[in-house]
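Spelled out, the chains give:
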Amino acid sequence: MFILFKTDAEFIKLLGYRFDNDFLKNDDICDIFSGEEYRKLMQPGGFLSKDNPLNISFSFNTDGVAPFKSSNKQNFWPIFLVINELPPRLR
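Residues numbered from 1 in each chain as written. Predicted model: local features only at pLDDT ≥ 70, side-chain atom pairs only at ≥ 80, totals over all residues. Heavy atoms only, no water.

**Quick notes on the overall build of the protein**
- What the protein contains, in helices and strands, is 3 helices and 2 strands.
- Written out in order from the N terminus, the α and β elements of the protein read α-α-α-β-β.
- Considering only contacts in the protein between residues 6 or more positions apart, those separated by 24 or more positions represent 44%.
- In the form shown here, the protein has an accessible surface area of approximately 7,200 Å², with 58% of it arising from carbon and sulfur atoms. (Helix = DSSP H or I, 4+ residues; strand = E, 2+ residues; numbered from the N terminus. Contact = heavy atoms within 4.5 Å. Areas by Shrake-Rupley, 256 points an atom, 1.4 Å probe, with all protein chains shown as cover.)

**What to know about the environment of tyrosine 38**
- Note on placement: tyrosine 38 falls in helix 3 (residues 36-42).
- Since its relative accessible area comes to 6%, tyrosine 38 is described here as buried.
- Residues tyrosine 38 and leucine 48, spaced 10 residues apart in sequence, show a C-alpha to C-alpha distance of 8.0 Å. (Buried < 20%, exposed > 50% of the residue type's maximum accessible area, 1.4 Å probe, protein only.)

Structure follows, in structure tokens:
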């Protein structure tokens, strides 16, 4: 799925999702924001804090597959890259 943003301002507003929800005060595990390392990065002065609202992190996934059973030389490795700070409806 590809998402097009009309303006940079629209994209920047969507990145604020992590600040609109109070992930740091809740102990529930609901998203990447619930992780211990991510919480450290969101603390004041951290790489992903409100001090640096345009900094983002990615989840990177890949998995290989041979498109033909008889072929050992041909492989297909799709790469999936997700911006973690976007709201779940856009991921």
